Amino acid sequence: MIRDVPSHPQTFSLSSMVYGTWRLLDDGPSPQDINRRLNRCVELGVTAIDTAEIYGLYQVEEALGNAMALSPGLRNKLSLITKAGIYVPGAHSPTRKVGHYDATAAQLSASVERSLRLLRCEQVELFLVHRPDWLTSIDDTARGLNQLVQEGKIRSAGVSNYSASQFAALNSRMEVPLFTNQVEFHLLHMDPIVDGCFDQCQQEQVRPMAWSPLAGGRLFDPNESAARRLAEVAAGMSYRYGGATLEQLAYAWVMSHPSRPYPIIGTNRIERIESAVKASSIRLEREDWYALWVAAQGRHVP
Ligand SMILES: NC(=O)c1ccc[n+]([C@@H]2O[C@H](COP(=O)([O-])OP(=O)(O)OC[C@H]3O[C@@H](n4cnc5c(N)ncnc54)[C@H](OP(=O)(O)O)[C@@H]3O)[C@@H](O)[C@H]2O)c1
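Computed from a prediction, not measured in an experiment: that's the story for all the values here.

## Description of the overall build of the chain
For the chain, the count of helices and strands is twelve helices and ten strands. Relative to a compact globule of 302 residues, whose C-alpha radius of gyration would be 19 Å, the chain shows 19 Å and is just as compact. The principal-axis extents of the C-alpha atoms in the chain amount to approximately 55 × 45 × 40 Å. Burial analysis of the chain (302 residues in total) assigns 54% to the buried set. In the chain, the share of contacts with a sequence separation of at least 24, taken over all contacts with a separation of at least 6, comes to 76%.

Next comes the structure, spelled out in structure tokens:
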């Protein structure tokens, strides 16, 4: 069982690990399968569920809504996080010619209305702008987010894949400060610890969210030299952490950063979710955190 850690004084906290649904429909689950997975997440203390309008080519939110409806009361045990702002062409939208971003107030409002309908609820706990839209002013985006909070359709607003300066600019126009910046962070992609993103999170007392904490599975790819080095180093330190696996040490590595990132678990397998939550009780020693950094980078610290 993992524990909640208080965060963001203005609003509320999420479970310290989040379950992500980007790949939810990859193995063709039934609503009952998804319902079982969500209920198991609740039992394990993983009550925050990350999704997005675009996931499964705009089909995952509906699948989640259908699955939650099978267990009355389940939705109220969950914190729902969704995102919007990415629009790609396809059969779902025959008139759309080119993939693009749209973070205008009007589009964000329309997307949230749709998400609430598909998720079958009146409010989501957290709504994120999925990617920065270079063609929309921060005033327009902030107006949309502020209005959605005022209307009670979203409890809190945040962003994803924003640079530190993009975050600061938008945050300067928010009535309630942005809750998070959801960014790619894992042993094979460490940019947020050096590009200012996680420094800013600490400054603003905002906990970031880390997507693809296992590098989308690349961490286990024997064709990746960094993955091979990591497997060896992890095997060498495993005994000090109760036989922890590479996967558990990789989650712990993400969670050890002082900005306290929420890792988003991406597996479709229940037994791997069960294994993942054990990482929240691992306290990596300083030299072990750096040993994993060195193995991943293939060089010593400068
Ligand atoms: N904001 C954004 O732009 C953005 C972008 C990407 C993702 N996200 C969020 O982050 C979540 C997690 O991303 P992710 O799915 O890339 O996470 P991840 O945990 O890094 O990768 C999951 C993938 O790794 C595989 N995997 C897990 N454990 C494994 C193991 N021990 N051995 C081999 N393969 C293993 C999984 O396969 P199995 O299913 O077979 O276990 C799955 O294909 C997403 O669901 C989404 O919510 C957000």
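## Focus on the state of the cysteines
Enumeration according to the criterion identifies zero disulfides in this entry. You can see Cys121 has no disulfide; the closest cysteine sulfur is in Cys41, sitting 17 Å from it.

## Description of the packing of helix H3 (residues 60-69) against helix H5 (residues 105-119)
Their axes nearest at 7 Å, the elements H3 and H5 cross at an angle of 35°. Contacts between H3 and H5 involve Glu61, Glu62, Leu64, Gly65 and Met68 on the former and, on the latter, Arg114, Ser115, Leu118 and Leu119. Broken down by class, the residue content of the contact of H3 with H5 amounts to four nonpolar, two polar and three charged.

## Quick word on the sheet that holds strand E3 (residues 79-84)
Remark on secondary structure: sheet strands pair via backbone hydrogen bonds, oriented parallel or antiparallel. A barrel is described by the order of its strands in space; here eight strands give the closed sequence E1-E2-E3-E6-E7-E8-E9-E10, paired in parallel fashion. The sheet shows a mean angle of 30° between the axes of neighbouring strands, taken without regard to direction. Both strand E7 (residues 154-160) and strand E8 (residues 181-184) contribute to a ladder of two bridges, which runs parallel. Considered in E8, the bridge of Ser160 is made with Gln182.

## A few points about the site of the ligand
Taken together, 26 residues sit near the ligand, with Arg23, Asp50, Ser212, Thr267 and Arg272 positioned nearest. A distance of 3.2 Å is found between an oxygen atom of the ligand and a backbone nitrogen or oxygen belonging to Thr21. Between the ligand and the protein, one listed contact pairs a nitrogen atom with a side-chain N or O atom of Tyr55 at 3.4 Å. Protein contacts shield 87% of the accessible area of the ligand, which totals 920 Å² for the unbound molecule. Class assignment of the residues belonging to the shell around the ligand gives a composition of eight nonpolar, twelve polar and six charged.

## Notes on the packing of H5 against helix H6 (residues 138-150)
Put simply, H5 and H6 touch, their axes get as near as 7 Å, and they point 35° apart. Two packed elements cross with a definite hand, and for H5 against H6 that hand is right-handed. Taken together, the residues of H6 that come into contact with H5 (itself represented by Ala105, Leu108, Ser109 and Val112) are Asp140, Thr141, Arg143, Gly144, Leu145 and Leu148. Grouping the constituent residues of the contact of H5 with H6 by class yields five nonpolar, three polar and two charged.

## Some words on the environment of Val206
Within the element layout of this structure, Val206 appears in the loop between helix H8 (197-204) and strand E9 (209-211). According to the relative accessible area criterion, Val206 is buried, its value standing at 4%. With 162 residues separating them in the primary sequence, Val206 and Leu44 have C-alpha atoms 24 Å apart.

## Side note on the pairing of E3
Most of E3 sits inside the fold, with six of its six residues counted as buried. Across the two faces of E3 the burial is the same, with Ser79, Ile81 and Lys83 and Leu80, Thr82 and Ala84 all buried. When strand E2 (residues 48-50) meets E3, the two strands line up parallel, connected through three bridges. Note that in E3 the partner of Ile49 across the bridge is Leu80. The pairing of E3 with strand E6 (residues 124-129) spans four bridges and is classified as parallel.

## Considerations on the packing of aromatic side chains
Per the counting criterion, the structure on display carries six aromatic pairs. On the numbers, 4.9 Å between centres and 20° between planes, the contact of Phe12 with Phe179 is stacked. Separated by 167 residues along the polypeptide, Phe12 in the segment before strand E1 (18-20) and Phe179 in the loop between helix H7 (164-171) and E8 bring together distant segments of the chain. In this structure Phe12 comes out as buried when scored by relative accessible area, which is 8%. Overall, Phe179 belongs to the buried group, its relative accessible area being 1%. Ring centres of Trp289 and Tyr290 lie 5.1 Å apart, and the angle between their planes is 75°; on these two criteria the pair is classed as edge-to-face.

## Side note on the pattern of salt bridges
Between side chains of opposite charge, a pair can form when the charged atoms approach closely. Enumeration over the complete set of coordinates arrives at twelve salt bridges. Between Lys83 and Asp50 there is a salt bridge, with the nearest N and O atoms lying 2.7 Å from each other. With Lys83 in strand E3 and Asp50 in strand E2, this residue pair connects regions lying 33 residues apart in the sequence. Exposure class is identical for Lys83 and Asp50. Each is buried. Overlapping salt bridges, with partners in common, bring together Arg40, Glu43 and Glu274 in one network.

Conventions we followed
- Residues numbered from 1 in each chain as written.
- Predicted model: local features only at pLDDT ≥ 70, side-chain atom pairs only at ≥ 80, totals over all residues.
- Heavy atoms only, no water.
- Helix = DSSP H or I, 4+ residues; strand = E, 2+ residues; numbered from the N terminus.
- Rg over C-alpha atoms; globule rule 2.2 N^0.38 Å.
- Buried < 20%, exposed > 50% of the residue type's maximum accessible area, 1.4 Å probe, protein only.
- Contact = heavy atoms within 4.5 Å.
- Disulfide = S-S within 2.5 Å.
- Axes fitted to C-alpha atoms, helices over the stretch in contact; angles between N-to-C directions.
- Nonpolar A, V, L, I, M, F, W, Y, C, P; charged D, E, K, R; others polar.
- Pairing = 2+ DSSP bridges.
- Near = heavy atom within 4 Å.
- Polar contact = N/O pair within 3.5 Å; in protein donor to acceptor, adjacent residues only side chain to side chain.
- Areas by Shrake-Rupley, 256 points an atom, 1.4 Å probe, with all protein chains shown as cover.
- Left-handed = near helix turned anticlockwise from the far one by under 90°.
- Phe/Tyr/Trp six-rings, centres within 6.5 Å; stacked < 30°, edge-to-face > 60°.
- Salt bridge = Lys/Arg side-chain N within 4 Å of Asp/Glu carboxyl O.

Structural measurements only, silent on function.
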